[in-house]
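Each chain, letter by letter, is given below.
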There are 2 protein chains.
Amino acid sequence: MLSEFDLIARYFTRPTRRPGPVTLGIGDDCALLTPPRGSQLAISSDMLVEGRHFFPNADPFQLGHKCLAVNLSDLAAMGAAPVGFTLALSLPAARPEWLEPFSKGLLNLADRHGCELIGGDTTKGPLNICITIFGQVPPAQSLRRDAAQAGDDIWISGTLGDARLALAGYRNELPLDKDMLAGAAPRMHAPTPRVELGVALRGIARAAIDISDGLVGDLGHILHRSGVGASLDVDRLPPGTVLAAQAADLRRRFTLAGGDDYELCFTAPANRRDEVLAAGSLSSTPVTRVGSIEALPGLRLKDADGMPLPMQLTSFDHFASP
Amino acid sequence: MLSEFDLIARYFTRPTRRPGPVTLGIGDDCALLTPPRGSQLAISSDMLVEGRHFFPNADPFQLGHKCLAVNLSDLAAMGAAPVGFTLALSLPAARPEWLEPFSKGLLNLADRHGCELIGGDTTKGPLNICITIFGQVPPAQSLRRDAAQAGDDIWISGTLGDARLALAGYRNELPLDKDMLAGAAPRMHAPTPRVELGVALRGIARAAIDISDGLVGDLGHILHRSGVGASLDVDRLPPGTVLAAQAADLRRRFTLAGGDDYELCFTAPANRRDEVLAAGSLSSTPVTRVGSIEALPGLRLKDADGMPLPMQLTSFDHFASP
């Protein structure tokens, strides 16, 4: 068994970059991190299970990318800059034809964000990938879920719904032609974590969350923890490029509650709109104003004319797989 | 599904203690840790899989204890004091009769060490428990694997081999009567992490590792990374109380290469023996001197008369399950 898992060391062990906060990387009982003076460490764990978070035949390069992307997205939602991560991996077998592309997809993205693999664990078992990620953020500048205030604008990065559209195509919930599926699929398989935007929003945005379970549900966490309500201009929600060509009802449903978008939903005071737009430019990330935080609890949906829309738009139970 | 996993929140969510290094616990995109000024953060991840690291019918209270214990043991081996941990849990179903004792076993041990559950993830899937743990240690005082020097004594905490003896009983490799199994089993199911000893050895010990895969293999990591060799006084290795009554050959094999002991193996300069013994007293942990680090690479085994013993003692292939 050990010699089998020595293979893994080949794909995942790399020299520690110096100088940097990672004082000791893979190979001891623990990794050692020396956080920069005066910074806080933001920490998040995500566990991805075959058949639940990804298809059993998932492309390993994309899977490696996605596993780290969802964690980087959590850092982005706190305004934290990536530092390093641990990887715990349960594998049915150590196959080089899987490990090589998986590690490439993972480490390419890690390198792009200067996020170092500092340790972890490998074992034999059903495929399961658990990443714990570490970032740093100046103490008073983290973007927390409990910081939204009545009067804040609500903003969305990028576009929503194409990941959900691709899933609908795979599940044959919708007739999606080949080109459309090919256009939407990358949003599902290889999401772009909005790390640069999150950092650029420090000191400007108040509350933030990343949209993994659908905008309405995730915005709901901000509302709940901040003790506020909101109204959303549903027809201002930016649809993905493929979703944009679909009928209005589907566009509304998938932008409101698609899931797997990994965009940021954040709030900022209305007098800081220029700064939010500048943060978007600085990070080359489109940002769209889509609603406002209100003192009245609950979420209200409005169409382009300001008329109320029914909350049923946010429910996908009729789409759920049996 | 969500309502099912809301159950989990009930068992694992607790208020964050203040004041302390945990600035923000469960419930946001990330937890926030503010490391004490001038300290390093020690980080370790372990993934435990049903059928591989524990029996499918494992007692959930003991399992909760063990999952955290093996991580605390990694901190102990660095001389780090526990701060907090994340728990990622994949479960076939959220059954209260499992979750309640599991969380109790886990959190009881966490409380004993002031180690706070700061975040994590839960998902449906084959049973898999992944803990990432954080501790703090003053920068120049961590106990690393690469720090052993020729002339150092080699020490062992507690006793060795009873965990392996229990496993042999379960596997029917050995005829073990009921009382003996009952005596040895706690060492396998509920190991004691040597956290207080690890902290007490700061500035005294040079290199350390925790013994999870068997003394010879784990000491081998110290030798390899420190570029040294060693000789071990095999008959000085402290056997567990049940193993102590077994024949010499089995005693030697199980103390040398038993596995699952979660004792510390550490080295310290020969002129600091009194301080090592004092650290043992201070932490109420027995410590035994069992050999020395030597410049000559390789490991040499000696009996009570100083005569060489064969290295085959360290191999268990004939015991391995088919």
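Residues numbered from 1 in each chain as written. Chains lettered and ligands numbered in written order. Predicted model: local features only at pLDDT ≥ 70, side-chain atom pairs only at ≥ 80, totals over all residues. Heavy atoms only, no water.

An unreviewed UniProt entry lists chain A under the name Thiamine-monophosphate kinase, from Noviherbaspirillum album. As stated in UniProt under Function (unreviewed entry), the record for chain A gives "Catalyzes the ATP-dependent phosphorylation of thiamine-monophosphate (TMP) to form thiamine-pyrophosphate (TPP), the active form of vitamin B1." UniProt, in its Pathway (unreviewed entry) section for chain A, records the words "Cofactor biosynthesis; thiamine diphosphate biosynthesis; thiamine diphosphate from thiamine phosphate: step 1/1." (UniProt positions renumbered as here; feature names shortened; annotations may be inferred.)

As for unusual backbone geometry
Residues and elements named next belong to chain B. Backbone geometry places Asn172, a non-glycine residue, at a positive phi of 55°. Secondary-structure assignment places Asn172 in the loop between helix 4 (162-170) and helix 5 (178-189). We note that Asp260 has phi near 65°; this positive angle belongs to a residue other than glycine. Structurally, Asp260 is set in the loop between helix 8 (248-257) and strand 10 (263-268). (Helix = DSSP H or I, 4+ residues; strand = E, 2+ residues; numbered from the N terminus.)

Quick word on the sheet that holds strand 13 (residues 308-309) of chain A
Two orientations exist for strands paired in a sheet by backbone hydrogen bonds: parallel and antiparallel. Residues and elements named next belong to chain A. With mixed pairing, seven strands are arranged side by side in an open sheet as 8-10-7-11-9-12-13. Of all the strands in the sheet, the pair left with one neighbour each is strand 8 (208-211) and strand 13. Pairing of strand 9 (residues 229-233) with strand 12 (residues 298-302) involves five bridges; the strand directions are parallel. Across the sheet, the residue bridging to Asp233 is Lys302, located in strand 12. (Pairing = 2+ DSSP bridges.)

Some words on the pairing of strand 12 (residues 298-302) of chain B
Residue and element names in this part refer to chain B. Side chains Leu299 and Leu301 of strand 12 all project onto a buried face; the interleaved residues Gly298, Arg300 and Lys302 project onto a face where none is buried. One ladder, built from two bridges, connects strand 12 with strand 13 (residues 308-309); its direction is antiparallel. Looking across to strand 13, one finds that Lys302 is bridged to Pro308. Turn length for the strand 12-strand 13 hairpin, with the two strands adjacent in sequence and antiparallel, is five residues, and the turn residue Gly306 shows positive phi of about 80°. (Buried < 20%, exposed > 50% of the residue type's maximum accessible area, 1.4 Å probe, protein only.)

A closer look at the pattern of salt bridges
Within this structure, the stated rule accounts for 32 salt bridges over all chains. Within the structure, one salt-bridge network assembled from shared partners comprises Asp28 and Asp29 of chain A together with Arg145 of chain B. (Salt bridge = Lys/Arg side-chain N within 4 Å of Asp/Glu carboxyl O.)

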